[in-house]
Amino acid sequence: MTTTRPSGRQFPADFLWGSATASYQIEGAVAEDGRAPSIWDTFSATPGKVLNGDTGEVAADHYHRMPQDVALMKDLGLQAYRFSVSWSRVQPTGSGEFNQAGLDFYVRLVDELLAAGIKPVVTLYHWDLPQALEDEGGWTNRRTALLFADYARKLAEVLGTKIHLWTTLNEPWCSAFLGYGSGVHAPGVADEASALAAVHHLNLAHGLAGRAIREVLGEETPVSITLNLHVTRADSDSPQDVEAKRRIDTIANEVFLQPLLEGRYPEQVYADTAHLSDWSFVQDGDLDLIRIPIDLLGVNYYATGRVKHGTPPVGDGTPGPDGHRSSEKSPWTGADQVEWLPLPGPHTAMGWNIESDGLVELLLGLAERYPDVPLAITENGAAFYDTVSPDGRVHDADRVDYLHDHIDAVGEAMDKGADVRGYFVWSLLDNFEWAYGYDRRFGIVRVDYDTLERTVKDSAHWYRELVRTRTVPTPESAAAL
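Here the structure is a predicted model, which is why all the values come from computation and not from measurement.

Participant: What's the story with the overall build of the protein chain in this structure? I'm lost.
Facilitator: Summing up its helical and strand segments, the protein chain has 15 helices and 13 strands in all. For the protein chain, whose C-alpha radius of gyration is 21 Å, the value lies close to the compact-globule estimate of 23 Å for 481 residues. Taken over 481 residues, the protein chain has a buried fraction of 62%. Contacts in the protein chain between residues far apart in sequence, at least 24 positions, make up 78% of those at least 6 positions apart. Carbon and sulfur atoms provide 50% of the accessible area of the protein chain, an area that totals close to 17,200 Å². Distance from the positive charge centre (40 side chains) to the negative charge centre (70 side chains) of the protein chain: 3 Å.

Right under this line is the structure:
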């Protein structure tokens, strides 16, 4: 690809630059020091669920290489690091006794970060539910939300005020609709009613966990949530296509934004899904519990989508035009007369289109709708099929171009009034990319999965220069940095 935006945009001195990872994707050590299986251990060990039969058993071996990885972050000049905690590492069954060895690992990680001058940003849940809880219904079971609050309270007691920002959940849309709707993510349940119950219990878990953290650390403790909000366009102005977009917006965005920030579910979602659920899992007082003040809304953005009224084909496991692996069940619950359309390139290795203007649109829309809620880009990046060149470097020019344009887009949105406080590139390291295993590489640092050696890619050198100067470098400069 080539860039579509100019270089040289400057960012304010207090803008926070970081990178992000997730526990199951990088840690490995899945059966060490008291850790018990999560739903992703079970799912990835099930034949046919993950490309090439890959699992997170070793991943990037971050559990053993954590000090070296933090040193790498320091060398890159990162100001913040967004990581997630493995629930089954610190509380193996998701209830009852906590595992001190697991807690100690995250204490060491946080202390290493602070010693390196890096702000710890913790995510309590990035999809790896303890398998023992899934055996009792997982996120379809209200008890999981209550136990999540206990888990959050314990982490608050252990990590305390060392944490710069507490994030409750990462992308609950994926947890609910890919995990329980289409079944292409763990735990692999394909049932629309279960997906809707999971939505509500994830929302409830956020509210209960945020309250638990603040009960321990005080009401001023910064709490956030990260959503993968979808930027979807109608294929035409016809009423049918506009309605198709409305249905996607409702089930993709509004079932989280409205309860979390407005204390209600959209009325349309009840009508759209009345044939699937009576929503009796919503109890009196739940919406008051869900809606807590948040200090920041995390935004994960990668691509856009286009839809029209129509009948989608039955999925066969291949990537679909909606950006996800397809299955016999759609993740778009209540939108069964919506067809996703292929988008023109360029595309990443995930098959996702590259459109930085969509990020501007998303940020400005949020800023207009929720002007009092600060924003941060908590994930943004691109997968490409990187190779090591004869000179020993990884010249990932496509990724540099992607980051260049999307970071400039963040700056444009800020210039137009969006209150964006920071940017976290996804991802620090190549990692286990969920159902795609190790086939897709998102990292700005390459991981050789045979030797586990780390190689800093051109994109990481470019990002280091951006952080140092707070000015968007030219893409062409990356190979010489």
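Moving on from the coordinates now.
Participant: Any chance you could explain the sheet that holds strand β10 (residues 375-379) here in plain terms?
Facilitator: Pairing between the strands of a sheet comes from backbone hydrogen bonds, and it takes one of two forms, parallel or antiparallel. Taken in spatial order, the 8 strands line up as β1-β2-β3-β4-β5-β7-β10-β11 and close into a barrel, and their pairing is parallel. Each strand axis lies, on average, 25 degrees off the axis of its neighbour in the sheet, ignoring direction. Where strand β7 (residues 296-300) and β10 come together, 4 bridges link them in parallel fashion. Paired with Asn300 across the strands is Glu379, a residue of β10. Across the face of the sheet, helix α13 (residues 356-369) comes into contact with β7, β10 and β11 (420-426) while running at roughly 140 degrees to β10.

Participant: Honestly, the sheet that holds strand β6 (residues 231-234) in this entry has me stumped. Any pointers?
Facilitator: Spatially, 3 strands are ordered β6-β8-β9 in an open sheet, and the strand pairing comes out mixed. Each of the sheet's edge strands pairs with one partner strand only, and the pair in question is β6 and β9 (338-340). The average angle at which neighbouring strand axes cross in this sheet is 40 degrees, direction not considered. The sheet contact formed by strand β8 (residues 304-309) and β9 spans 3 bridges and is antiparallel. Looking at β9, one finds that Lys308 is bridged to Glu339. Sitting on the sheet, helix α10 (residues 239-262) touches β6, β8 and β9, and the angle it makes with β8 is about 130 degrees.

Participant: Looking at this model, I keep getting lost on the pattern of salt bridges. Mind explaining?
Facilitator: For side chains of opposite charge, pairing can occur when their charged atoms come near one another. Applying the stated criterion across every chain yields a total of 38 salt bridges. Taking the shortest distance from any N to any O, the salt bridge between Arg143 and Glu136 comes out at 2.7 Å. Arg399 serves as the salt-bridge partner of Asp386, at 3.1 Å between the closest nitrogen and oxygen. Here the residue Asp386 occupies a position in the loop between β10 and α14 (397-415), and Arg399 occupies one in helix α14, the gap between them amounting to 13 residues. Classification of Asp386 as buried rests on a relative accessible area of 11%. Given the relative accessible area of 1%, Arg399 is considered buried.

Participant: Honestly, the packing of aromatic side chains in this entry has me stumped. Any pointers?
Facilitator: Within a pair of aromatic rings, the relevant descriptors are the distance that separates the centres and the angle that separates the planes. For the structure shown, the criterion picks out 34 aromatic pairs. Ring geometry for Trp40 against Trp434: centres 4.7 Å apart, planes inclined by 50 degrees, an arrangement best described as tilted. Taken together, the residues span a long stretch of sequence, with Trp40 in helix α2 (residues 39-44) and Trp434 in the loop between β11 and β12 (445-447) at a distance of 394 residues. Assigned by exposure class, Trp40 and Trp434 land together as buried. Judged by centre distance (5.5 Å) and plane angle (70 degrees), the rings of Phe432 and Tyr438 are edge-to-face. Taken together, the ring pairs in this structure connect Tyr24, Trp40, Phe43, Trp127, Phe432, Trp434, Tyr438 and Tyr449 into an aromatic cluster. Over the face of the ring belonging to Phe98 we find Lys154, whose NZ or CZ atom lies 5.5 Å from the ring centre. Here the basic side chain of Arg325 rests over the ring of Tyr436, its NZ or CZ set 6.0 Å away from the ring centre.

Participant: What am I meant to see in the packing of helix α7 (residues 142-159) against helix α9 (residues 192-217) here?
Facilitator: For any two helices packed against each other, the geometry is given by the interaxial angle and the distance between the axes. Running from amino to carboxyl end, α7 crosses α9 at an angle of 30 degrees, the nearest separation of the two axes being 8 Å. By the angle class used here, α7 and α9 are roughly parallel. Where α7 crosses over α9, the handedness of that crossing is right-handed. Residue-level contacts link Arg142, Ala145, Leu146, Phe148, Ala149, Ala152, Arg153, Ala156 and Glu157 of α7 to His200, His201, Leu204, Ala205, Leu208, Ala209, Ala212, Ile213, Glu215, Val216 and Leu217 of α9. Residue composition of the contact of α7 with α9, by class: 14 nonpolar, 2 polar and 4 charged.

Participant: Would you mind going over helix α15 (residues 458-469) with me for this structure?
Facilitator: An α-helical segment advances 3.6 residues per turn. Residues three or four places apart therefore align on the same side. Look at α15: 17 Å from first C-alpha to last across 12 residues, which is about the 16 Å you get at 1.5 Å a residue. Taken together, the buried positions of α15 are Asp458, Ser459, Ala460, His461, Trp462, Tyr463, Leu466 and Val467. Buried residues along α15 sit in contact with β1 (16-20), α14, β11 and β13 (454-456).

Participant: Help me understand the environment of His275 in this model?
Facilitator: Note that His275 resides in the loop between α11 (267-272) and α12 (286-290). Residue His275 is classed as exposed on the basis of its relative accessible area, which comes to 58%. The sequence separation of His275 and His126 amounts to 149 residues, and the corresponding C-alpha distance is 30 Å.

Participant: Explanation requested: α7 in the structure shown.
Facilitator: In a regular helix each residue adds 1.5 Å, so 18 residues correspond to 26 Å; α7 covers 26 Å between its end C-alpha atoms and thus fits that length. Here α7 has its buried residues at Thr144, Ala145, Leu147, Phe148, Ala149, Tyr151, Ala152, Leu155, Ala156 and Leu159. Where the residues of α7 are buried, they touch α4 (87-90), α5 (100-115), β3 (119-125), α6 (131-134), β4 (165-170) and α9. At the N-terminal end of α7, a side-chain oxygen is found 2.9 Å from the backbone nitrogen of Arg143, two or three residues along, and the residue is Asn141. Phi turns positive one or two residues past the end of α7, at Gly160, with a value near 55 degrees.

Participant: I would appreciate a short explanation of the side chain of Asp322 in the present structure.
Facilitator: Tracing the backbone through its elements, the reader meets Asp322 in the loop between β8 and β9. Of the buried charged residues, Asp322 lacks a salt bridge, with Arg325 as the closest side chain of opposite charge at 11 Å. Polar side-chain contacts of Asp322 include one of 3.1 Å to the backbone nitrogen of His324. Here the side chain of Asp322 touches Trp332 through a polar contact of 2.8 Å, side chain to side chain.

Thresholds applied
- Residues numbered from 1 in each chain as written.
- Predicted model: local features only at pLDDT ≥ 70, side-chain atom pairs only at ≥ 80, totals over all residues.
- Heavy atoms only, no water.
- Helix = DSSP H or I, 4+ residues; strand = E, 2+ residues; numbered from the N terminus.
- Rg over C-alpha atoms; globule rule 2.2 N^0.38 Å.
- Buried < 20%, exposed > 50% of the residue type's maximum accessible area, 1.4 Å probe, protein only.
- Contact = heavy atoms within 4.5 Å.
- Areas by Shrake-Rupley, 256 points an atom, 1.4 Å probe, with all protein chains shown as cover.
- Lys, Arg positive; Asp, Glu negative; His and termini not counted.
- Charge placed at Lys NZ, Arg CZ, Asp CG, Glu CD.
- Pairing = 2+ DSSP bridges.
- Axes fitted to C-alpha atoms, helices over the stretch in contact; angles between N-to-C directions.
- Salt bridge = Lys/Arg side-chain N within 4 Å of Asp/Glu carboxyl O.
- Phe/Tyr/Trp six-rings, centres within 6.5 Å; stacked < 30°, edge-to-face > 60°.
- Lys NZ or Arg CZ within 6 Å of the ring centre and 35° of its normal.
- Parallel < 35°, antiparallel > 145°, perpendicular 65-115°, else oblique.
- Left-handed = near helix turned anticlockwise from the far one by under 90°.
- Nonpolar A, V, L, I, M, F, W, Y, C, P; charged D, E, K, R; others polar.
- Expected span 1.5 Å × (residues − 1).
- Polar contact = N/O pair within 3.5 Å; in protein donor to acceptor, adjacent residues only side chain to side chain.

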